[in-house]
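Summary of the model geometry
Listed below, chain by chain, are the residues.
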Amino acid sequence: MSAGLQREETGHIFYCSQELDKYIENAVSYIVFGIKHGDYVLFVENTRIYPLVRKKLEYQLSMEEMNRLLYINNFDFYWRNGTFHPSTILKHFDAATGYLFENGQAVRTWGHIEWGVQEDIEQEIFEYERTLDTIVPQKNAISVCAYDASRLTESLKTQLMTVHGYYMTDEEVQTVALKTVQ
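Within each chain, residues carry numbers counting from 1 in the order of the written sequence. Two thresholds apply to this predicted model, a pLDDT of at least 70 for residue-level local features and 80 or more for giving and counting side-chain atom pairs, whereas whole-chain, interface and lining totals are computed over all residues. Working from all heavy atoms in the structure, the side-chain values ignore hydrogens and water.

This next bit is on the sheet that holds strand 4 (residues 107-112). The strands making up a sheet are joined through hydrogen bonds of the backbone, oriented either antiparallel or parallel. Here, any two strands with at least 2 DSSP bridges between them count as paired. Going along the chain from the N terminus, every DSSP run of H or I of four or more residues is numbered as a helix, and every run of E of two or more is numbered as a strand. Across the sheet, which stays open at both edges, the seven strands sit in the order 3-2-4-5-1-6-7 with mixed pairing between neighbours. Pairing within the sheet leaves two strands with one partner each, and these edge strands are strand 3 (69-73) and strand 7 (173-175). Strand-to-strand twist across the sheet, computed as the mean angle between neighbouring axes with direction ignored, equals 20 degrees. Of the strands in this sheet, strand 1 (11-17) and strand 5 (142-148) touch helix 6 (residues 121-138), which is tilted by about 160 degrees from strand 5. Only the stretch in contact is used when fitting a helix axis, every axis being a line fitted to C-alpha atoms; angles between N-to-C directions are given from 0 to 180 degrees. Residue contacts are counted whenever heavy atoms from the two residues lie within 4.5 Å of one another.

Structure representation (structure tokens):
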């Protein structure tokens, strides 16, 4: 796993993945590391990848530890009302994790953001990420926002770099030089 994912601090990480096998390996490592260190992990993933990740987790985590993994289908999470709407997504995030934060639990998130056809989707994604960038430090959380590199335009990638503290590839994590102060 990328060494940067093993930090025990807050962080908003933009993950631009190119290889499914490495993506799965990084997701499993992130989840295992967090749970082994007492964190809860909200894992927002599609129904094709989740079973592959879960199968690997079952070899590394006990049933009790698996109870610290909260899985939500990414289509249901991001497209709950049929559109990618940032405020709706953030309300859903609060509903899924609010009780953990209120009880002082450490929470990590991993969200695989995918989209279909929607007008202004890049602007909506950027607005969501910009808002999330203010929430992550307030919640004292670590959040990975995962994207398939083949789906990103250069424009969206550049925008995402400005609202994440870290940039991750399948091989490494680095601090983002383009990060802007909000």
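With that settled, the discussion passes to the pairing of strand 4. For each residue, the accessible area found with a 1.4 Å probe, counting protein chains only, is set against the maximum for its type, and the residue is called buried under 20%, exposed over 50%, and partly exposed in between. When you tally the buried positions in strand 4, you get six out of six residues, the bulk of the element. Here strand 4 shows two buried faces, one formed by V107, T109 and G111 and the other by R108, W110 and H112. Taken together, the five bridges between strand 2 (residues 40-45) and strand 4 define a ladder with parallel strand orientation. By the bridge assignment for strand 4, L42 is matched with T109. As defined by bridge partners, strand 4 adjoins strand 5 across five bridges and the pair is classed as parallel. Within the sheet, the bridge partner assigned to W110 lies in strand 5 and is V144. For the handedness criterion, the β-α-β arrangement of strand 4, helix 6 and strand 5 is classed as right-handed. A crossover gets the label right-handed when its path from the first strand over the helix to the second runs clockwise, viewed with the strands pointing away from the viewer.

Here we come to the environment of L52. Secondary-structure assignment places L52 in helix 2 (residues 50-60). Of the residues examined, L52 reaches a relative accessible area of 41% and is grouped as partly exposed. Sequence spacing of L52 and I24 is 28 residues, and the spatial spacing of their C-alpha atoms is 7.5 Å.

The next thing to look at is the side chain of E45. Locating E45 in the fold gives a position in strand 2. Buried and unpaired, E45 has no salt bridge, with R48 as the nearest side chain of opposite charge at 6.8 Å. Here E45 is in contact with Y23, Y50, Y71, I72, N73, N74, W110 and H112, once residues within four sequence places are set aside. Neither His nor the chain ends is counted toward charge; the positive residues are Lys and Arg and the negative residues Asp and Glu. Definition used for salt bridges: Asp or Glu carboxyl oxygen within 4 Å of a side-chain nitrogen of Lys or Arg.

The subject of this paragraph is the pattern of salt bridges. Tallied over the full model, the rule gives six salt bridges. Here R54 makes a salt bridge to E58, at a shortest N to O gap of 3.1 Å. Pair noted here: R54 and E58 are both in helix 2, with a separation of four residues, about one helical turn. Owing to a relative accessible area of 46%, E58 belongs among the partly exposed residues under this scheme. Between E127 and R130 there is a salt bridge, with the nearest N and O atoms lying 2.5 Å from each other. Of this pair, E127 and R130 both sit in helix 6, three residues apart, which is roughly one turn of the helix. Overall, the relative accessible area of 24% leaves E127 in the partly exposed class.

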